[in-house]
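Architecture at a glance
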Amino acid sequence: METYEKVRTMREINQWSQEEMAEKLGMSTTGYAKIERGKSKINLDKLQQIANIFNINVSELIENNKPWVCVIGDNNYNLSHIYSNENLVLENEKLKLVIQHKDELLKQKEDEITVLKKLVAVLEAK
């Protein structure tokens, strides 16, 4: 059972409406409905908040039959999400492209430094 299905099932067991769950989570009903449909990723903070509402551990909401990993980052990326195996491949490819782009920028800067050093040498020779 997927995480979003477990969230919906737990809500139904407690006989709460989506509106009531959204209110408990401090979010819009539309936003909460996307979680239950699996249309939005659940970040770790939201997953913990949901688990607390149901008075269970986060691990009980996470898919038990699929490998998962928690990737935590900062800088310009918010990677505090739970990723299933299929999402890891996509995330890995995305990160490879980011690294490749940064390597290209670094090479460009190194080339600029080389040109500037040559200009300084020419100016010093005069």
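Summary of the structure given here. This is a predicted model, so every value here is computed, not measured.

**Observations concerning the side chain of Lys46**
As for its position among the elements, Lys46 is in helix H4 (residues 44–54). Summary of buried charges: Lys46 has no salt-bridge partner, and the nearest side chain of opposite charge, Asp45, is 8.8 Å away.

**A short note on the nonpolar core**
With 15 residues, the main nonpolar core has Val7, Tyr32, Leu47, Ile50, Phe54 and Leu61 as its most contacted residues. At the level of secondary structure, the elements contributing two or more residues to this core comprise helix H2 (18–25), helix H3 (29–37) and H4. Ranked by the residues each element gives to this core, the list is headed by H4, at four residues.

**Side note on unusual backbone geometry**
The backbone of Gln15 sits at a positive phi, close to 55 degrees, despite the residue not being glycine. One can find Gln15 in the loop between helix H1 (3–13) and H2. Phi is positive for Asn55, which is not a glycine, with a value near 60 degrees. Its place among the elements puts Asn55 in the loop between H4 and strand E1 (68–71).

**Some remarks on H3**
The periodicity of an α-helix, 3.6 residues per turn, causes residues three or four positions apart to be oriented the same way. Within H3 the residues assigned to the buried category are Gly31, Tyr32, Ala33, Ile35 and Glu36. In this fold, the buried residues of H3 make contact with H1, H2 and H4. Of the residues trailing H3, Gly38 is marked for its positive phi of about 75 degrees.

**Regarding the pattern of salt bridges**
According to the stated counting rule, one finds five salt bridges in the structure shown. Among the ionic pairs, Arg11 bridges to Glu12, the shortest N-O distance being 4.0 Å. In this structure Arg11 comes out as buried when scored by relative accessible area, which is 10%. With a relative accessible area of 45%, Glu12 lands in the partly exposed category. Residues Lys109 and Glu112 are paired through a salt bridge, measuring 3.8 Å at the closest nitrogen-oxygen approach. In this pair, Lys109 and Glu112 are both assigned in helix H5 (residues 85–125), three residues apart and thus about one turn of the helix distant. With a relative accessible area of 47%, Lys109 lands in the partly exposed category. Using a relative accessible area of 36% as the deciding quantity, one classes Glu112 as partly exposed.

**Comments concerning the environment of Ser40**
Along the chain, Ser40 turns up in the loop between H3 and H4. Between the C-alpha atom of Ser40 and that of Tyr4, which follows or precedes it by 36 residues, the distance is 9.3 Å.

**Observations concerning H4**
Listed as buried for H4 are Lys46, Leu47, Ile50, Ala51 and Phe54. Around the axis of H4, the buried residues are gathered within 140 degrees of arc, so they sit on the same side. For H4, the exposed residues lying more than 90 degrees away from the buried face are Asp45 and Asn52. Where H4 starts, the residue carrying a side-chain oxygen 3.1 Å from the main-chain nitrogen of Asp45 turns out to be Asn43.

About the thresholds
Residues numbered from 1 in each chain as written. Predicted model: local features only at pLDDT ≥ 70, side-chain atom pairs only at ≥ 80, totals over all residues. Heavy atoms only, no water. Helix = DSSP H or I, 4+ residues; strand = E, 2+ residues; numbered from the N terminus. Buried < 20%, exposed > 50% of the residue type's maximum accessible area, 1.4 Å probe, protein only. Lys, Arg positive; Asp, Glu negative; His and termini not counted. Salt bridge = Lys/Arg side-chain N within 4 Å of Asp/Glu carboxyl O. Core = buried A, V, L, I, M, F, W, Y, C linked by side-chain atoms within 4.5 Å. Contact = heavy atoms within 4.5 Å. Arc of directions from axis to C-beta. Polar contact = N/O pair within 3.5 Å; in protein donor to acceptor, adjacent residues only side chain to side chain.

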